[in-house]
Amino acid sequence: MIPKPISVSFQMGDGREVSLETGRMARQADGAVVVRQGNAMILATVVAANEPRPGVDFFPLSVDYQEKFASAGRIPGSFFKREGRITDSEVLVSRLVDRALRPLFPDDYRCDVQVLISLISSDQEVLPDALACLAASAALAVSDVPIQEIISEVRVARINGEMVINPTRTQWADADMDFIIAATQDNIMMVEGESKECQEADIVKALEVAHEAIRGQIKAQAELRDKAGVTGKREVVAPYENEELKKRIEAFASDRIAEIAKGALPKHQRSEGLKQIRTDFAETIAEGELTEDDEPLVKKYFGKLEKKIIRGIVLDTRSRLDGRQLDEVRPLTIETDVLPSPHGSALFTRGETQSLTTVTLGTSEDELLVETAATSDYQNFILHYNFPPFSTGETRPMRGPGRREIGHGNLAKRSLAQMLPNAESFPYTIRIVSDILESNGSSSMATVCAGSLAMMDAGVPYPKHVSGVAMGMISEGDKYAILTDILGDEDHLGDMDFKVTGTRDGICGIQMDIKVDGLSMTVMAEALEQARKGRLHILDAMYTAIPERREELKPHAPRVVQLNIDREFIGAVIGPGGKIIQEIQRETGTTISIEEVNDRGEVKIFASDKAAIDKALAWVKGIVAVPEVGETYEGKVKSIVPFGAFVEFMPGKEGLLHISEVSWKRLETLEGVLAEGDTVKIKLIGTDPKSGKLRLSRKVLMEKPEGYVEPEKRERRDGDRGDRRGGDRRGGGDRRRNDRGGDRRRDDRGGDRRDNREDRRPRHENNDQAQQQPKQEDNNDADLKL
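Calculation criteria
- Residues numbered from 1 in each chain as written.
- Predicted model: local features only at pLDDT ≥ 70, side-chain atom pairs only at ≥ 80, totals over all residues.
- Heavy atoms only, no water.
- Helix = DSSP H or I, 4+ residues; strand = E, 2+ residues; numbered from the N terminus.
- Buried < 20%, exposed > 50% of the residue type's maximum accessible area, 1.4 Å probe, protein only.
- Contact = heavy atoms within 4.5 Å.
- Areas by Shrake-Rupley, 256 points an atom, 1.4 Å probe, with all protein chains shown as cover.
- Phe/Tyr/Trp six-rings, centres within 6.5 Å; stacked < 30°, edge-to-face > 60°.
- Lys NZ or Arg CZ within 6 Å of the ring centre and 35° of its normal.
- Pairing = 2+ DSSP bridges.
- Axes fitted to C-alpha atoms, helices over the stretch in contact; angles between N-to-C directions.
- Left-handed = near helix turned anticlockwise from the far one by under 90°.
- Nonpolar A, V, L, I, M, F, W, Y, C, P; charged D, E, K, R; others polar.
- Expected span 1.5 Å × (residues − 1).
- Patch = residues over 30% accessible without salt bridge, like charges linked within 9 Å, V, L, I, M, F, W, Y side chains within 5 Å.
- Salt bridge = Lys/Arg side-chain N within 4 Å of Asp/Glu carboxyl O.
- Lys, Arg positive; Asp, Glu negative; His and termini not counted.
- Charge placed at Lys NZ, Arg CZ, Asp CG, Glu CD.
- Polar contact = N/O pair within 3.5 Å; in protein donor to acceptor, adjacent residues only side chain to side chain.

Draft legend 1. Region of the structure containing the overall build of the protein chain. Looking only at helices and strands, one finds 15 helices and 29 strands in the protein chain. The buried share of the protein chain, taken over its 786 residues, is 50%. Put simply, of all contacts in the protein chain between residues at least 6 apart along the chain, 69% involve residues at least 24 apart. By element, 48% of the accessible surface of the protein chain is carried by carbon and sulfur atoms, the whole surface being about 38,300 Å².

Written as structure tokens, this is what we have:
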């Protein structure tokens, strides 16, 4: 029997309530909590190994967030109809939680910890990513897994000038600032988000608002922990240390490490120098002098010593590993249009970091489908970030993009997206690919810069350049140093690293990880201001390289023409089974997309050749055009029948050119006059009132022969067919043929039916169904039977 679950709740404001519950689900996990807001429910579980993983020098924490399609009453669209590996969007949420949780664990903690977060019930208006870290932290809080503090995470968005915590999906669509912020009771730990050129002061305000909301969530988690009866955490066994070995390494290596740190050496030369110190120290160790437990400590002590010495040098001398000043950006080299075939390209080099970035313009058919439990959206802006091993002089298997690549690419994408033109003015799918060719820090910011340059080179109507810079901070007591454009080594040894992107007018994206307690908002504001100056320095170089976008797309880039049509014509353009649109694409060499937008059909025609677009456009216009009676057209004979010819005079529009309307002369057959495939000039003279077929005439465009006498028109009676189109009746005695080629003036026995015609008329006049039974007397009616 399941005991009564334990729960607490808190208010989010404007009537929204969030509840935390434990003890009902996943009871064999070390900790399990269900977070609920509205109909959204998230289950978070945590399990930690009891023994450290042998042979590792890192904390083996794994965080996986997944949205179950059943949570929204959906079946996955994959071949196997089940959830597979987590998607990119789920990877991004997992990273947000991982970056917030990782600093909570003790140093040197080496036990495997697995955090699994599942969306088990979805609410269309609740954004689950803002609740994922709350659920994970609560699961850790009610477990005995040794975390040092409780943490939480919220979304803060600026909507109509107001900061809103965890907005609804509808509200979120109107936000011009969107940040996910994680914090403990006293310290901001992680920030990530995007904005429409907000100011540095806006970031600080968002942090303050978010931190206040987080404190309320931490209080609720502490209350749940106390209700669950958790009084302590499992004991963490202190790792083995060898103080004598540590002092020996410090005495041997300190001066040599300091010499290399002050040498302003290139990355690989510095790395080789530090490696040589370790090799030299190993030669001083006699065989068998170190135990099996001592051997891993050598690497550990060297790493800590290098970090300590380099940090001290930066704080004391205000100079850096490569000799730069604290606020100095590495040398920049910028080239555009470096590749002849892509639609846009740029090579951006900053110091020892280099990105080769391309832009490809595609059609609506190239849009990316992104599915979550609650949404299914098509995206017309795609950015892929690749980090091959040669960029750092290493070898490793190529297994596709990892979480790091996905995260770095997402930051660049969100930043560049702020300046994109809307789909109405530039109806292309844009794909950016950044290949990192060299890396020594801040390759994601190189991607932002190169992406902006490549789009300008491609002719994308990009109004402003967007650049990015990676920042770091080292602090010790009251001393701190803020570093602009950090190196890879500086990233590892700092207490804070953050990346800021934006234009000259404001911030477009930010990503921040803080590893130190007690960082004041004053220092935060100073760091943001220094980042702004670095960003502007890079922007100046970018504007020098290419001040504005190219006026025209590259000659080999696809052109697009957009046409809006009435929704009732969408089917006509597509055709049965796509027959018409496929024919247009095949015959013109274009790509055409059609979708219904606001009760209108939106047709987009793509091709590199203008003539092909013009041909396809004329074809589509012809399909949706409405023929006008009295207008003259040029048509093509599609088929010949005994009583005339069917002529296509507009795309998808055919009419009957009756044999009597071909010439002023009386014709028994069209043989020798017209043939299939002939081009003929005709005039639309009307529409059959019963069949709706279009009636065409060729002879009305020809000069009437001299002395031509109009044929007598037979007197119409009520029982006669109302449609008497064309032809010389000559008193009703002409020999017209039916659709089988027979003489309709004779009955089946060969008798002359003329004498019987008048006898039948009175009976038809008294027959109520006469109007519904067209007579076979007139060859003009043959087309009505088709």
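Draft legend 2. Local environment of the packing of aromatic side chains. As enumerated under the stated definition, the model contains ten aromatic pairs in all. Relative to Phe649, the ring of Tyr633 lies with its centre 5.0 Å away and its plane at 50 degrees, an arrangement referred to as tilted. Placement of Tyr633 in strand 25 (residues 632-641) and of Phe649 in strand 26 (residues 644-650) is noted, with a sequence separation of 16 residues between them. Lying across the ring of Phe387, Arg404 places its NZ or CZ 4.1 Å from the centre.

Draft legend 3. Fine view of the pairing of strand 14 (residues 368-371). In this sheet, strand 15 (residues 376-379) lies alongside strand 14 in antiparallel orientation, the contact comprising four bridges. When the sheet's bridge partners are listed, Glu371 is paired in strand 15 with Ser376.

Draft legend 4. Geometry of the packing of helix 4 (residues 200-227) against helix 11 (residues 521-545). Where helix 4 meets helix 11, the closest approach of the two axes is 10 Å, and the angle between their N-to-C directions is 145 degrees. As helix 4 packs across helix 11, the resulting crossing turns out to be right-handed. Every residue of helix 11 that contacts helix 4 at Glu200, Ile203, Val204, Leu207 and Glu208 is listed here: Met521, Met524, Ala525, Leu528, Glu529, Arg532 and Arg535. Each residue belonging to the contact of helix 4 with helix 11 can be placed in one class, and the counts come to seven nonpolar, no polar and five charged.

Draft legend 5. Spatial organisation of helix 1 (residues 88-101). The end-to-end C-alpha distance of helix 1 is 20 Å, a good match for the 20 Å that 14 residues give at a rise of 1.5 Å each. With respect to burial, helix 1 is a largely interior element, eleven of its 14 residues being buried. Along helix 1, the residues that are buried comprise Glu90, Val91, Val93, Ser94, Arg95, Leu96, Val97, Asp98, Arg99, Ala100 and Leu101.

Draft legend 6. Structural detail: the sheet that holds strand 21 (residues 507-514). With respect to topology, eight strands assemble into an open sheet ordered 8-7-9-10-21-20-18-19, the strand pairing being antiparallel. Two strands in the sheet have a free side with no partner beyond their single neighbour: strand 8 (162-165) and strand 19 (479-484). Averaged over all pairs of adjacent strands, the angle between their axes in this sheet comes to 15 degrees, without regard to strand direction. Here strand 18 (residues 467-476) pairs with strand 20 (residues 496-502) via seven bridges, running antiparallel. Bridging across to strand 20, Met471 finds its partner in Phe498. Relative to strand 21, helix 8 (residues 403-417) is tilted by about 150 degrees, and along the sheet it contacts strand 9 (177-183), strand 10 (188-198), strand 20 and strand 21.

Draft legend 7. Just unusual backbone geometry, in detail. Here the phi dihedral of Ser442 falls at roughly 65 degrees; this positive angle occurs in a residue that is not glycine. Tracing the backbone through its elements, the reader meets Ser442 in the loop between strand 17 (429-438) and helix 9 (443-458).

Draft legend 8. Summary view of the pairing of strand 28 (residues 679-687). The pairing of strand 25 with strand 28 spans five bridges and is antiparallel. Among the inter-strand pairings, Gly635 is bridged to a residue of strand 28, identified as Val680. In this sheet, strand 29 (residues 694-697) lies alongside strand 28 in antiparallel orientation, the contact comprising four bridges. Note on strand 29: the bridge partner recorded for Gly686 is Arg695. Once strand 28 ends, the chain turns through six residues before running back antiparallel as strand 29, passing Gly692 with a positive phi of about 80 degrees.

Draft legend 9. Geometry of a positive patch on the surface. Among the surface-exposed residues, Lys246, Lys304, Lys307 and Lys308 lie close enough to one another that they form a single positively charged patch. By residue number, the principal contributor to the positive patch is helix 7 (residues 295-317), which donates three residues. Inspection of the secondary structure puts Lys304 in helix 7.

Draft legend 10. How the structure looks around the pattern of salt bridges. Applying the stated criterion to the full structure yields 51 salt bridges. The partner of Arg256 in a salt bridge is Asp280, with the nearest N and O atoms 2.8 Å apart. Residue Arg256 is located in helix 5 (residues 243-261), and its partner Asp280 is located in helix 6 (residues 267-283); the two are separated by 24 residues in the primary sequence. A single network of salt bridges, built from pairs that share partners, joins Asp129, Arg155, Asp178, Glu194 and Arg414.

Draft legend 11. Layout of the side chain of Asp178. Mapped onto the secondary structure, Asp178 falls in strand 9. Judged by its relative accessible area of 8%, Asp178 is buried. Of note is the side chain of Asp178, whose polar atom sits 3.1 Å from the side chain of Trp172. With residues up to four places along the chain from it excluded, the contact list for Asp178 reads Arg155, Val156, Trp172, Glu192, Gly193, Glu194 and Arg414.

Draft legend 12. Spotlight on helix 9. Between its first and last C-alpha, helix 9 extends 22 Å over 16 residues, near the 22 Å set by a 1.5 Å rise per residue. Most of helix 9 is tucked away, with 16 of its 16 residues classed as buried.

Draft legend 13. Fine view of the packing of helix 2 (residues 129-141) against helix 4. The contact between helix 2 and helix 4 brings their axes to 9 Å, and the two run at 35 degrees. Every pair of crossing elements has a handedness; the one defined by helix 2 and helix 4 is right-handed. Side by side, helix 2 and helix 4 meet where Leu134, Ser137, Ala138 and Ala141 of the first sit next to Gln217, Gln221 and Arg225 of the second. Looking at the contact of helix 2 with helix 4 residue by residue, the class counts come to three nonpolar, three polar and one charged.

Draft legend 14. The sheet that holds strand 17, seen in detail. Across the sheet, which stays open at both edges, the five strands sit in the order 11-12-13-17-16 with mixed pairing between neighbours. Both edges of this open sheet fall to strand 11 (332-336) and strand 16 (381-386), since each of them pairs with a single strand only. The sheet shows a mean angle of 15 degrees between the axes of neighbouring strands, taken without regard to direction. In this structure, strand 16 lies alongside strand 17, joined through six bridges in parallel fashion. Each residue of the ladder has a partner; that of His384, found in strand 17, is Val433. In the packing of helix 8 onto the sheet, contacts are made with strand 16 and strand 17, and the angle to strand 16 comes to roughly 140 degrees. Where helix 11 meets the sheet, it contacts strand 11 and strand 12 (344-350), and its direction lies at approximately 35 degrees from that of strand 11.

Draft legend 15. Here's a closer look at the environment of Thr429. Within the secondary structure, Thr429 sits in strand 17. Judged by relative accessible area, which is 3%, Thr429 ranks as buried. For the pair Thr429 and Gly362, spaced 67 residues apart in the sequence, the C-alpha separation amounts to 4.8 Å. Contacts of Thr429, omitting those with residues within four sequence positions, involve Thr360, Leu361, Gly362, Thr363, Ser364, Asp366, Glu367, Asn380 and Ile382. In terms of polar contacts, Thr429 uses its side chain to reach the backbone carbonyl oxygen of Thr363, at 2.7 Å.

Draft legend 16. The environment of Asp57, seen in detail. For Asp57, the position within the fold is in the loop between strand 4 (40-52) and strand 5 (61-67). As for Asp57 and Leu297, which are separated by 240 residues in sequence, their C-alpha atoms are 9.7 Å apart. Setting aside residues no more than four positions away along its own chain, Asp57 makes contact with Arg110 and Lys299. Only 3.2 Å separates the side chain of Asp57 from the side chain of Lys299, close enough to count as a polar contact.

Draft legend 17. Focus on the side chain of Arg311. Inspection of the secondary structure puts Arg311 in helix 7. For Arg311, the side chain forms a polar contact with the main-chain oxygen of Leu493, separated by 2.8 Å. When near neighbours in sequence (up to four residues on either side) are disregarded, Arg311 contacts Ile474, Ser475, Glu476, Leu493, Gly494 and Asp495.

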